[in-house]
Amino acid sequence: TRETPGWFWKFMYGISETLGDKPEYFDPFLFQADLIRLRQFYLDQGFFQSRIDTSIQVFPEKKEGRLTFRIHEGQRSYIDTLSYRGFENLPSILLEDIHGNPLLHEKDPYVVQNVENELRRIVGAFVNHGYVRVRIDTVIARRYASTNNVAVHFAFVPNERYRFGEIQVDQDTTVAEKVDPAVVLRHLDFVQGDFYGEGKK
């Protein structure tokens, strides 16, 4: 839902669509969709107690309408507790990677996008250390009615750890001069038997 442009820009639009802006007309379905999107946006930002009311005023003589959104944000929810499962018996280098640069902290505002970004970061750390079949068991965000804050729980199943297998250098058959495969292999950051890592690849 958008405000209609001023008469000048509508006039210019009548001359050429590239010069001005088209008139905007009230669409009740779009207006309702905007309301739903706004409510979801506030929920995703941790405003679980938010309320959004709307009103529509119509001025027939001007063929205009005035749309109002009244937003009551309410109390924002914060991350009360962060917990993880599936980190048992992991190599220390992976644990350092996971715990070294977290995107979520206790006492941060609860934001759905931040939780999703942290999930992607942890999965990426697993894959970068050979756990290419890591599985996300559960991601739970539980809100407590007493405090309005949220406990976020991540659970992973690492599965087996993978290593680099045989490394093969395929030469270009259309050229006469070829680089010795040993030279190519010498410039790689991994050798056969190393734990697999996306960064190394």
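Nothing here was measured: the structure is a model prediction, and the numbers come from that model.

(A) Looking closely at the sheet that holds strand S3 (residues 79-85). With mixed pairing, the three strands of this open sheet are ordered in space as S3-S5-S4. A strand with exactly one partner marks an edge of an open sheet, and here the two such strands are S3 and strand S4 (135-143). Neighbour-to-neighbour, the strand axes of the sheet open up by a mean angle of 10°, direction not taken into account. Relative to strand S5 (residues 150-157), S4 runs antiparallel, the two being bridged by eight bridges. Residue pairing for S5: Val139 is matched across the bridge by Phe154. Relative to S5, helix H4 (residues 112-128) is tilted by about 25°, and along the sheet it contacts S3, S4 and S5.

(B) Up close: helix H2 (residues 28-44). When the terminal C-alpha atoms of H2 are compared, their 24 Å separation across 17 residues agrees well with the 24 Å that a helix rising 1.5 Å per residue should span. Check the buried side of H2 and you find it contacts strand S1 (51-59) and strand S2 (64-72). Between the side-chain oxygen at the start of H2 and the backbone nitrogen of Phe29 there is a gap of 2.9 Å, and the oxygen is on Asp27.

(C) Region of interest: the environment of Gln168. Structurally, the position occupied by Gln168 is in the loop between S5 and helix H5 (181-186). Given the relative accessible area of 58%, Gln168 is considered exposed. Among the polar contacts made by the side chain of Gln168, one reaches the side chain of Asp170 at a distance of 2.7 Å.

(D) Molecular detail of the environment of Gln171. Structurally, the position occupied by Gln171 is in the loop between S5 and H5. Aside from chain neighbours lying at most four places away, what touches Gln171 is Lys178, Val179, Asp180 and Pro181. Within polar-contact distance, the side chain of Gln171 engages the backbone oxygen of Val179 at 2.5 Å.

(E) Structural view of the packing of aromatic side chains. Per the counting criterion, the structure on display carries 14 aromatic pairs. Ring centres 5.2 Å apart and planes at 45° place the aromatic pair Phe31 and Phe69 in the tilted group. Of this pair, Phe31 sits in helix H2 while Phe69 sits in strand S2, placing them 38 residues apart in sequence. Taking the relative accessible area as the measure of exposure, Phe69 reaches 30% and is therefore partly exposed. Arranged with centres 5.7 Å apart and planes meeting at 70°, the rings of Tyr42 and Phe47 form a pair that is edge-to-face. Taken as a pair, Tyr42 and Phe47 share a single burial class, namely buried. Three or more aromatic residues joined by ring pairs form one cluster here, namely Tyr84, Phe87, Phe126, Tyr131, Phe154 and Phe156. Positioned above the aromatic ring of Phe195, the side-chain terminus of Arg161 is 3.5 Å from the ring centre. The ring of Phe195 carries Arg163 above its face, with NZ or CZ at 3.9 Å from the centroid.

Calculation rules
- Residues numbered from 1 in each chain as written.
- Predicted model: local features only at pLDDT ≥ 70, side-chain atom pairs only at ≥ 80, totals over all residues.
- Heavy atoms only, no water.
- Pairing = 2+ DSSP bridges.
- Helix = DSSP H or I, 4+ residues; strand = E, 2+ residues; numbered from the N terminus.
- Axes fitted to C-alpha atoms, helices over the stretch in contact; angles between N-to-C directions.
- Contact = heavy atoms within 4.5 Å.
- Expected span 1.5 Å × (residues − 1).
- Polar contact = N/O pair within 3.5 Å; in protein donor to acceptor, adjacent residues only side chain to side chain.
- Buried < 20%, exposed > 50% of the residue type's maximum accessible area, 1.4 Å probe, protein only.
- Phe/Tyr/Trp six-rings, centres within 6.5 Å; stacked < 30°, edge-to-face > 60°.
- Lys NZ or Arg CZ within 6 Å of the ring centre and 35° of its normal.

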